[in-house]
Amino acid sequence: MARDQGMVTATIAGRRTSVTPDQYKRAQELFLQAVDIDVRERTEWIEKHCAGDAQLKRAVEGLLTHDDPRTLLTKLDPTIKTTLGVAAAPASRPLAKLWRWLVAMPRAAQLALAALAVILPVLIAALAIDHVTESFRKQVRVAALSELVEAKANAVQLWLEREQSISQTWADSPEVRRMVAELVAVAAAAPEDSLAMALIDSPQQLELEHELHDLSGLDLRYAVWNRNLVTIADWSAEKTGVGVGVTPDGAARLTHVIDGQSEVVILSSADVITRNYPGVPGKPQLAMFLPVRNEANTVIAAMLVYGTQREDELLRFVHLSSGIDGAATLVFDRGGCLLLESPYNQQLRELGLLPKDPTTFSAKRLVLRDPGVDLTAGKVPAEPLDSRPLTKLVRMASRVGSGVDADGYRDVRGVWVVGGWQWLDEYNCGIGIEIEKAWLEPDRWLYRTAMETLLSTLAACLGVIAYSLFTIGRLQNRVAAAHRIGPYVLERMIGEGGMGYVYLARHDLLKRRTAIKLLRPEVTDNNNLQRFQREALLAAKLEHPNTICVYDFGVSPDHLFYLVMEWIDGVTLDQLVSQQGPVAVDRCIRLLCQIAMSLREAHLIGLIHRDLKPQNIMVAQRAGETDVVKVLDFGLAREVVGGGNKSLTAIGLVAGTPRYMAPERWQPAATLGPAVDIYAFGCIAFFMLTGRHALAGDSIDEICQASLAQPTPRASQYAAQVIPAGLDDLIVHCLDKDPQRRPASFDAILYRLRSTNNVSTESALSSTGSSIS
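Just so it is clear, the structure is predicted and the values come from calculations on it, not from any experiment. Counting restarts for each chain: residues are numbered from 1 in the order of the written sequence. The predicted nature of this model means local features are confined to residues of pLDDT at least 70 and side-chain atom pairs, given and counted, to a pLDDT of 80 or more, with totals for whole chains, interfaces and linings taken over all residues. The side-chain figures draw on all heavy atoms in the structure; neither hydrogens nor water molecules are used.

(A) Structural detail: the state of the cysteines. Disulfides are defined as pairs of cysteine sulfur atoms found within 2.5 Å of each other. Applying the stated criterion across every chain, the model contains zero disulfides. Not part of a disulfide, Cys734 finds its nearest cysteine sulfur in Cys683, a span of 9.3 Å.

If you want it as structure tokens, here you go:
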């Protein structure tokens, strides 16, 4: 390479050309990047990054043509597949690849893919619309339920306040207060053993009954207790409760009233206030506990009034005020017990939640629990209802006060409902509204049916496509298994290089496994064919057992040029060091001896390898022997003498692998000889002993500078093991920048290796070193 007046003169693809230093540097950078790009995508990539610079493009293509970092005859991923026997060039555009893939699919898969292309956007659009619609519906539900529950709670609260106020006017009537005060006085004056009789005979008993009847206009039922919680009056004709004390539950209720607080409650037959006195007969009734005061405004007694039939009016008011057919309003206490009748009494009896007797009521009897299943569908809860949790309506109302659930939950029947709730602290009860989701979404079944149909069709299409692809793969495997090149049956592709593909094959009669290299159809021109043929002829001259063996060469009936080589089942030196670390000295010498003997034969017949590197050297187990070396890939080999067509082997800016190139190889005008392989041999020995490269650098520029200017490294400076001085000096000698000062031949190298390890070449070949894994 000559640098003159800012230009760099190089040999590219057999022609000398001049490029600027910037172009030279740019070509090096593009080369390093393009090496890692799939071969089928390189052409488009180079066109894009060279941006119309023809000289730069030729330079990069020259580098890529003569250097491929992938070793072909190695163990590669067996899942890599290709369609065997197809000579079409790889697509330059992804859309073209996709189109050919679609055209090659079976008709059923094409139809399924077309249906998928139609259904999938429709399904996505439907799901998106449903999501937006459902979000809007949810917002509307939340707003509507919140307003409805708040309006219902406020209305009920106002109604109860009105009823409580009306009832309180009866207790505050002057005549009622006078009569109660006189009865309190009678109770205080009468002896204990005659208390009941004194109260019953008191004229105030009948006067109080008439006065309350006149005030309410009803046949009112009532009872009065003094501050000692003794019954001093009631509505019954027998007066059996007069003079009797109260139950513990009654005491708890009346204590608040004696303290001046009125209370509105629902009483049933289970609620007994006075001891040994029957509860309220019939269905639960609305009752008022009212304080009675004297003229000094001091509470002297507690009064209970009920039987106003106002609970029926309240029930109608609660259930009808919503105006929604699918809605139910529930009034309940903290324990989830209904305080007013449910609108589903008949259905509750049919579901077994209430006794079959039509005279039974749900108020003060039914507890709102979540059954966990839809009872209306005939399902049976997994556990007894008594152990089931309260419905969400009750739990949330008693905990957080007010709220809405627009997503849905199960009601006491197990039916999915949406609901809202509000807790009334003043009356110690909750009010909730529940609406069946089915009533809110009468057309939801149609949407679900459409979605299920689309999903089913989508699944069927995916199934057809998957089955078709499976069938294609199976047929391809059968075609690959049956594809033949001469007497060889191709089994699978094991590698891919810049010039062609490599397949694992077997001889049909001998059953011997081989590796067959096929020239890429798109690079089949006269120059490449001559180069491919030359590779076969050069490799065929090599007979040493440590060199890859070439069995055959020819052209298949479908015009594919092929090279049949020895199949090697092993690992490269690069893989060996990566997996196991630096190689022990004794083992390293044995391997180096075999590499040297392979190259000695090549040099003796006038060939140099020019691409010697760890990736082109394999270590295998052969005929029971371990650590058997095979030197591969003489694709860049050239004859030292004998002429030949130099245009076929001409290097570009660089040829081979930069880290293993001798310094003189960076000069295109230099005469290259066996010394370049000796230099690469030293780099390989350095790498095996240290696990690192002799030339440092990440770019071609850095590697080039290290090759030309960096002091020759010693392996002993970087190795974690003790390296014999003789071996260390040999490596330094091989890495000398002046080719004239390197060992004269591999015979000299073998002599020094034997001296270092004190073994003969034969013992090195037959030694049983550490087996590879």
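Let's pick the thread back up.
(B) Quick look at the pattern of salt bridges. What counts as a salt bridge is simple: a side-chain nitrogen of Lys or Arg found within 4 Å of a carboxyl oxygen of Asp or Glu. Taken as a whole and judged by the stated rule, the model has 24 salt bridges. When the shortest N-O distance is used, the salt bridge between Lys630 and Glu566 registers 3.1 Å. Taken together, the residues span a long stretch of sequence, with Lys630 in strand β22 (residues 625-631) and Glu566 in strand β18 (residues 561-566) at a distance of 64 residues. When accessible area is computed with a 1.4 Å probe and restricted to protein chains, residues below 20% of their type maximum are described as buried, those above 50% as exposed, and intermediate ones as partly exposed. By relative accessible area, Lys630 is classed as buried at 7%. Residues joined in a network through salt bridges with shared partners are Glu175, Arg178, Glu182 and Glu207. Secondary structure elements follow DSSP: runs of H or I no shorter than four residues count as helices, runs of E no shorter than two count as strands, and numbering proceeds from the N terminus.

(C) A look at helix α12 (residues 392-400). Leu393, Val394 and Ala397 are the residues of α12 that are buried. Projected down its long axis, α12 carries its buried residues within an arc of 95°, all on one side. Positive phi shows up at Gly401, right after α12, with a value of about 90°. Note that the arc is defined by the directions from the helix axis to the C-beta atoms.

(D) Molecular detail of the sheet that holds strand β8 (residues 299-306). Each pair of strands is called paired provided DSSP finds at least two bridges between the two strands. The strand order β5-β4-β8-β7-β6 describes an open sheet built from five strands, whose pairing is antiparallel. Edge positions in the open sheet fall to β5 (231-234) and β6 (263-267), since each of these has one partner strand only. The sheet shows a mean angle of 20° between the axes of neighbouring strands, taken without regard to direction. Contacts are assigned to residue pairs that have any heavy atoms within 4.5 Å of one another. Note on geometry: axes are C-alpha line fits, over the in-contact stretch for helices, and angles between N-to-C directions span 0 to 180 degrees. Each of β4 (221-226), β5, β7 (285-293) and β8 is contacted by helix α6 (residues 174-189), which is oriented at about 115° to β8, the strand it contacts most.

(E) Seen up close, the packing of helix α18 (residues 675-690) against helix α20 (residues 725-734). Two numbers describe how α18 lies on α20: the axes approach to 8 Å, and their chain directions differ by 140°. In terms of axis orientation, α18 runs oblique to α20. In this structure, the crossing between α18 and α20 has a hand that is left-handed. Residues Ile678, Tyr679, Phe681, Gly682, Ala685, Phe686 and Leu689 of α18 form the contact with α20, whose own contacting residues are Leu727, Ile731 and Cys734. Note that the term roughly parallel is reserved for angles under 35 degrees, roughly antiparallel for angles over 145, roughly perpendicular for angles of 65 to 115, and oblique for everything else. Note on convention: near helix rotated counterclockwise from far helix by under a right angle means a left-handed crossing. Clockwise means right-handed.

(F) Structural context of the sheet that holds strand β16 (residues 513-519). Taking strand neighbours across the sheet as the criterion, the six strands line up as β13-β14-β15-β16-β18-β17 in an open arrangement whose pairing is antiparallel. Either end of the sheet is taken by a strand with one partner, and the two such strands are β13 (484-485) and β17 (550-555). In this structure, β17 lies alongside β18, joined through five bridges in antiparallel fashion. Each bridged residue has a counterpart across the sheet, and for Val555 the counterpart in β18 is Phe561.

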